[in-house]
Amino acid sequence: MASALSDTELVGRCRSGDQQAWAELVERYSRYVYAISVTAFRLPQHDAEDVFQEVFARAYQHLARLRDDAALRPWLAQVTRRLCIDKLRASSREQPAADEDLVPADAEDTVSMLDEALAVREAMAGTPERCQEILDRFFARDESYRTIGEALDLPPGTIGSRISRCLKRMRELLEGRNEPGPASGSG
Amino acid sequence: MSNYDEERLARLIGALPPAPEAWVRAAQELPIARTQLDEIVARAEADVAFRERLIADLEEALELEGYERDPAVVEALRIRFKSK
């Protein structure tokens, strides 16, 4: 599971050559960068892969020059947007079009939703590991109860109720009503 | 944050599926690739014979010298030395 390092701390460690910190930075933002390109800008996989690698290559090169370490997320989002637009332009060379015709009309709304999704994901780190695992497998990886049950050695018939409890726990966390208690997703 | 009903939470969690593992791994290995690239470039600048071998046949030269052929490194060297 991801560490509790802030972006500022993570960027600082990357800058000092800590390869583990770099790996964690990539892990922390990989889903976000991926979702911007495939969900917001609807790039095909091969273009999304180019954008993905280029975003992190630029991040690696620019870490030393990042003005505000805490602004890593908006910086990554902006670089990803620009590279996605470049890809869309390149793929429409035969039929030139204005950017507003190339970019999906709801791209910015989708990026805003992904910002929120990232915040929810960060909050998820405050739930028991078993909860994180179950919620991620079911909602983000689209795994069936059966697959989750096999992977986590749980009866498939209990997965639905565990998901419910974990979502409730998440909701409490996000709404600031969390009270200390036993791990609800692990029982 | 407020107003997170369970349906909305589920939708937001589902909005961030994992990126393909190979993509993530390649991005995580960037510093290693960068170190290898810097080492090969420095050596090629200091060793004319090695540089000529790289230009003549990049992949063969790397293999003969025992370098792991990371695709990103090979591509960067190919651009840098305009090799075959």
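Residues numbered from 1 in each chain as written. Chains lettered and ligands numbered in written order. Predicted model: local features only at pLDDT ≥ 70, side-chain atom pairs only at ≥ 80, totals over all residues.

Student: I'm lost on the overall build of chain A in this one. Help?
Tutor: On a plain count of helices and strands, chain A comes out with 9 helices and 0 strands. Beginning at the N terminus, the succession of helices and strands in chain A can be written as α-α-α-α-α-α-α-α-α. Summarising its shape, the C-alpha atoms of chain A cover approximately 55 × 40 × 30 Å along the three principal directions. A buried classification covers 33% of the 187 residues belonging to chain A. Partitioning the intrachain contacts of chain A with sequence separation of at least 6 by distance along the chain shows that 61% fall at a separation of at least 24. (Helix = DSSP H or I, 4+ residues; strand = E, 2+ residues; numbered from the N terminus. Buried ≥ 20, exposed ≤ 12 C-beta atoms within 10 Å, placed from the backbone. Contact = placed C-beta atoms within 7 Å.)

Student: Would you mind going over the nonpolar core with me for this structure?
Tutor: Nonpolar side chains in soluble globular proteins tend to end up buried together. Ranked by internal contacts, the top residues of the largest apolar core, which has 57 residues, are A:Tyr32, A:Ile36, A:Phe52, A:Leu114 and A:Leu135. The greatest single-element share of this core, amounting to 11 residues, is contributed by helix 2 (residues 19–40) of chain A. Here this core spans two domains, and each of domain 1 (1–106) and domain 2 (126–187) of chain A adds at least three residues to it. When sequence neighbours within four positions are dropped, the list of residues in contact with A:Tyr32 reads A:Leu76, A:Leu114, A:Leu118 and B:Leu16. Grouped together as the second largest cluster of nonpolar side chains are 8 residues, B:Ala44, B:Ala61, B:Val73 and B:Leu77 included. (Core = buried A, V, L, I, M, F, W, Y, C linked by C-beta atoms within 7 Å. Domains from an automatic or database assignment.)

Student: Looking at this structure, how should I read the interface of chain A and chain B?
Tutor: Accessible area lost upon the coming together of the parts serves often as the stated size of an interface. Taken together, the contacts link 34 residues of chain A with 21 residues of chain B. If you list the elements that add at least two residues to the side of chain A that touches chain B, you get helix 2, helix 3 (45–62), helix 6 (107–124), helix 7 (129–140) and helix 9 (159–174) of chain A. The greatest single-element share of the side of chain A that touches chain B, amounting to 11 residues, is contributed by helix 2 of chain A. In terms of residue class, the side of chain A that touches chain B is built from 22 nonpolar, 4 polar and 8 charged. (Nonpolar A, V, L, I, M, F, W, Y, C, P; charged D, E, K, R; others polar.)

Student: Please explain the environment of B:Gln36 as it appears in this structure.
Tutor: Residues and elements named next belong to chain B. For glutamine 36, the position within the fold is in helix 3 (residues 30–46). Taking the C-alpha atoms as reference, glutamine 36 lies 9.9 Å from arginine 69; in sequence the two are 33 residues apart. Contacts of glutamine 36, omitting those with residues within four sequence positions, involve Tyr67, Asp70 and Val73.

Student: Honestly, unusual backbone geometry in this entry has me stumped. Any pointers?
Tutor: For residues other than glycine, phi is negative in most cases, and the peptide bonds are mostly trans. Residue and element names in this part refer to chain A. Although it is not a glycine, aspartate 142 sits at a positive phi angle of roughly 60°. With respect to the secondary-structure elements, aspartate 142 resides in the loop between helix 7 and helix 8 (145–152). Among the residues examined, aspartate 142 registers 10 C-beta atoms within 10 Å and is labelled exposed. The phi torsion at aspartate 153 lies on the positive side, around 55°, for a residue other than glycine.

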